[in-house]
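The chain contents come next:
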Amino acid sequence: MVQSLGYSASAGTIVSRAVAAAAANNHHSGRKAGRTSKRYSVSAFYSMAAEQDNEVEDELAQAQRRLRDLKSKISAQSKKNFVLERDVRYLDSRIALLIQNRIALSEQNEMVAHFEEHGEGDSDSYPDDRKIQLYGNLFFILQSEPRHIATLCRLVNLAEIDTLLQTVMFTLYGNQYESREEHLLLTMFQNVLAAQFETSTEFGSLLRANTPVSRMMTTYTRRGPGQSYLKSVLSEKINSLVEHKDLNLEINPLKVYEQMVAQIEQDRGHLPSDMPRSVTPEVAAANTDVQAIIQPRLKMLIEIAESFLSTILTSTDAVPYGIRWICKQIRSLTKRKNPNASEFSVCSMIGGFFFLRFINPAIVTPRAYMLLENPPNKYPRRTLTLIAKMLQNLANRPSYAKETYMLPTNPFVEANKQRINRFLNELCEVSDFYETLEMDQYMALSKKDIVLNITLNEIYSTQSLILQHLDTLAPKEKDHIRILVSEIGPSIPQVSRKENKAIELPLFSRWEVPIQDLTTALMSENNITQNDILYMETKAIYVQLIRSLPHLAAAVASGTPLDLDYIAETAATTKDTQLVRKGIKVKDMLRELEDAGIVDHRDGYKLLVEEITQELAHLGNLKEKVVEELESLESVYKTILDHNTFLRSQLESYKAYLQNVRIQSGSDKKSKNSVGIGVEVDGMPRRAPKKPAQLGPVKFTHAQMERDGVIAESTVPESRRPNIFFLIASPLPGTFIIGMHFKGREKPILEMDLKLDDLLEKQQDNVELLDLEYVRLNVSKILTLLNKTFVTRQKAGLFS
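Residues numbered from 1 in each chain as written. Predicted model: local features only at pLDDT ≥ 70, side-chain atom pairs only at ≥ 80, totals over all residues. Heavy atoms only, no water.

1. Quick notes on the packing of aromatic side chains
Per the stated rule, a full pass over the model turns up 7 aromatic pairs. Seen from their ring centres, F189 and Y220 are 5.1 Å apart, and the 70° between their planes marks the pair as edge-to-face. You can see F189 sitting in helix α8 (residues 179-199) and its partner Y220 sitting in helix α9 (residues 212-221), a full 31 residues away along the chain. In terms of burial, F189 and Y220 fall into one category: buried. Among the aromatic residues, those joined into a cluster by ring pairs are Y229, F354, F355, F358 and F423. Sitting above the plane of the F725 ring, K699 keeps its charged end 4.5 Å from the centroid. (Phe/Tyr/Trp six-rings, centres within 6.5 Å; stacked < 30°, edge-to-face > 60°. Helix = DSSP H or I, 4+ residues; strand = E, 2+ residues; numbered from the N terminus. Buried < 20%, exposed > 50% of the residue type's maximum accessible area, 1.4 Å probe, protein only. Lys NZ or Arg CZ within 6 Å of the ring centre and 35° of its normal.)

2. As for the sheet that holds strand β9 (residues 775-778)
Taken in spatial order, the 3 strands make up an open sheet running β4-β9-β8, and their pairing is antiparallel. The open sheet terminates on both sides in strands that have one partner only, identified here as β4 (711-714) and β8 (769-771). Strand after strand, the sheet turns through a mean of 25° between neighbouring axes, direction not considered. Where β8 and β9 come together, 3 bridges link them in antiparallel fashion. Bridged to L769 within β9 is N778. Against the sheet, helix α30 (residues 779-789) makes contact with β8 and β9, and its axis sits at roughly 75° relative to β9, the strand it touches most. (Pairing = 2+ DSSP bridges. Axes fitted to C-alpha atoms, helices over the stretch in contact; angles between N-to-C directions. Contact = heavy atoms within 4.5 Å.)

3. Observations regarding the environment of N644
Along the chain, the position of N644 falls in helix α27 (residues 606-664). Taking relative accessible area as the criterion, N644 reaches 8% and is therefore assigned buried. Between the C-alpha atoms of N644 and K80, which are 564 residues apart in sequence, the distance is 7.8 Å. In contact with N644, not counting residues within four places along its chain, are Q77, K80, N81 and L84. Among the polar contacts made by the side chain of N644, one reaches the side chain of N81 at a distance of 2.9 Å. (Polar contact = N/O pair within 3.5 Å; in protein donor to acceptor, adjacent residues only side chain to side chain.)

4. Some points on unusual backbone geometry
For M370, which is not a glycine, the phi torsion comes out positive at approximately 65°. Tracing the sequence through the fold places M370 in the loop between α15 (343-364) and α16 (378-395). Owing to a relative accessible area of 10%, M370 belongs among the buried residues under this scheme. Although it is not a glycine, Y605 sits at a positive phi angle of roughly 55°. Of note, Y605 is situated in the loop between α26 (577-595) and α27.

5. Quick notes on the nonpolar core
Within the largest apolar cluster, 125 residues are counted, with the highest numbers of intra-cluster contacts made by F139, L234, I312, F354 and I359. Sequence-distant contacts of F354, defined by excluding residues within four places in its chain, comprise Y229, I312, V319, I323, C327, I359, F423, L424 and L427. The next biggest cluster of nonpolar side chains, apart from the first, holds 39 residues, and it includes L545, A571, V586 and L608. (Core = buried A, V, L, I, M, F, W, Y, C linked by side-chain atoms within 4.5 Å.)

6. Side note on the packing of helix α14 (residues 321-337) against α15
At a closest axis distance of 8 Å, the pairing of α14 and α15 adopts a crossing angle of 145°. Our pair here, α14 against α15, has a crossing hand that is right-handed. Residues I323, I326, C327, I330, R331, T334 and K335 of α14 touch α15, and the partners they reach there are V346, M349, I350, F353, F354 and F358. A per-class count over the contact of α14 with α15 returns 10 nonpolar, 1 polar and 2 charged. (Left-handed = near helix turned anticlockwise from the far one by under 90°. Nonpolar A, V, L, I, M, F, W, Y, C, P; charged D, E, K, R; others polar.)

7. Some words on helix α19 (residues 456-468)
Under the 1.5 Å per step criterion, the end-to-end length of α19 is 18 Å for 13 residues, consistent within 8% with the ideal 18 Å. The element α19 is extensively covered by neighbouring structure, given that 10 of its 13 residues are classed as buried. Turning to α19, its buried residues number three or more, namely L456, N457, E458, I459, Y460, S461, T462, Q463, L465 and I466. (Expected span 1.5 Å × (residues − 1).)

8. So, a negative patch on the surface
A cluster of like negative charges, contributed by E624, E628, E631 and E634, occupies part of the molecular surface. Looking at where E624 falls in the secondary structure, it is placed in helix α27. Residue classification places E624 among the exposed positions, given a relative accessible area of 56%. (Patch = residues over 30% accessible without salt bridge, like charges linked within 9 Å, V, L, I, M, F, W, Y side chains within 5 Å. Areas by Shrake-Rupley, 256 points an atom, 1.4 Å probe, with all protein chains shown as cover. Salt bridge = Lys/Arg side-chain N within 4 Å of Asp/Glu carboxyl O. Lys, Arg positive; Asp, Glu negative; His and termini not counted. Charge placed at Lys NZ, Arg CZ, Asp CG, Glu CD.)

This is how it looks when you write it as structure tokens:
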């Protein structure tokens, strides 16, 4: 329709977006009072479209483009981190058993298969064009009708949920900053929660039990917006606390007594005869010395908890919309499930999500949430745990039966009950998104380029889950999902990592009629006239012209009244052919509007000038917000990248340890008659043991290791450090010798043997530093260095 009036197709895109927005809004809320001005409604929604004008190259447009790129990178990197975290979690549990010698050789091989890169190269695993179309149709239905995913999330078990979450959170609805995907994901949450509340008999533990649904909610909070909030609100507080490495605020009387006994024994060399080494919790709590130690600690602990709480309570506006909306659904469903529920019970349910699933995990494990670079030391770690317990008791109905030592913190809970309830209710005060979602869904039908970046294994695992639960998901023969999976055929097994390629899957619906001419369709549905379109387009071009000509933009910013004739003439006489064309065109459009009686040159086109001025003011304010958001998200993106580096380092260390265990346990492939080195079989000659080749030594200077963070502390005098270097060799897989040398001397000053499993055990126990007498090494950094220097050089190695 726009093109039929003689206007450019690109300009029509803006109008189409604006008309679609207005149409969806009118369609959904036409009965509402206060919507009497059609033009006002259309113009208001046009403003949303103008914010994404790609034809303008001013500072706002450039900042918006950078922001869109950054949001896309954060979404993609979040998915990579989720996959890495899942791999690390898997190996973490298995390595713990390996260290304790509680895992069989067959399970070691299973662990290797989990990370196997090479496959047989099955060409049948890649879907043909017909199946690509069928999968595109299937995933369009899954994305646009969230009830199906909601049903799957309730049906899968805990072992399957991570695979499904990867597909749902980071692929199907992976664009974390795109309104349609975010709102569809929240709709899915609403379905899941409604069913959970409907079927639950345990009202008190509804959101606290470890279920696929609770895991799903926790994963949602780990997406970009949630991570950004945690960093801005908690990072400074936690970093400030962990700086005090020796601040011991333990208040458990039994632990305080044990620490006191250990200190006395260390100081005196023995214990007094009237002081037993171990006592019951009751005896420890009654000890006057223990009470004297706890009293000042308790006071300081409550002060720190108050500080954390105040920071959280003043952050309502910063909490991501999606998290607040989930809180709103929990409140609504709780009241529906139990109409007589007290205010405290309702707030306890909201707190069960906001604190238990979002805030407290970040406080207890700040490194995992990218709030710290290194794990906190023993004392700060315990303090953070105690603070999390206090916040949880505040958000819930506290029970001190299992942890009586927390009872003295109850004054903190009683003093802040009203504050926390008020905060939790404020979280729920957000508007719904149904009108916006309807508009987005309407727009989706007009798009021809909706694609999903998805891996083959994500496709196949989702197909497998659907087939497994098909009778629940699509019980009728004519259900679209049942028809599609029947046409696709049997599910395909998971392919190897090397073959698990990401593909661009075009999404479409063969049951929905695509809208070919969006503007025409919407005009016919919503009584929007050609003059409405003309008015909006004229306004659009004027905004574009002012934004494209810096001296005009500066004049408007200084308060100079708009002269529409002058602006059109200025554009028509520039050297830019595109601006010349728009300047000439907008003159004709202005004349058409005047002929139609919509604007009048005698009042200086007052109505149009007012709307253009308001739009430019809005865009000016928007620029400040975009730049502010850009700065905030750049910090988040850097943190996510740093966390990715840490996860990769952790994964490589685990892989190296697994390789070492397999080599030492003789699990490498042998010939048919070989049973091991130095063993005779049926008269065969005894083979001489093959001596493994030593790797290294490799030289590192003191300055180099200090710069890379490997040396955390050094007692070597500054003047002598340039003469200090380290030689590191690996005589056997998993064994390293570190020698500290002084230039000119033949023998090392000191030498130490390191075992890979010892280092990993220290890392498992959160031991941060390794003492080498003159220097203290960072355990994580030395593991990374050894892995990079030696393990990746072993070409025969399993993971090299």
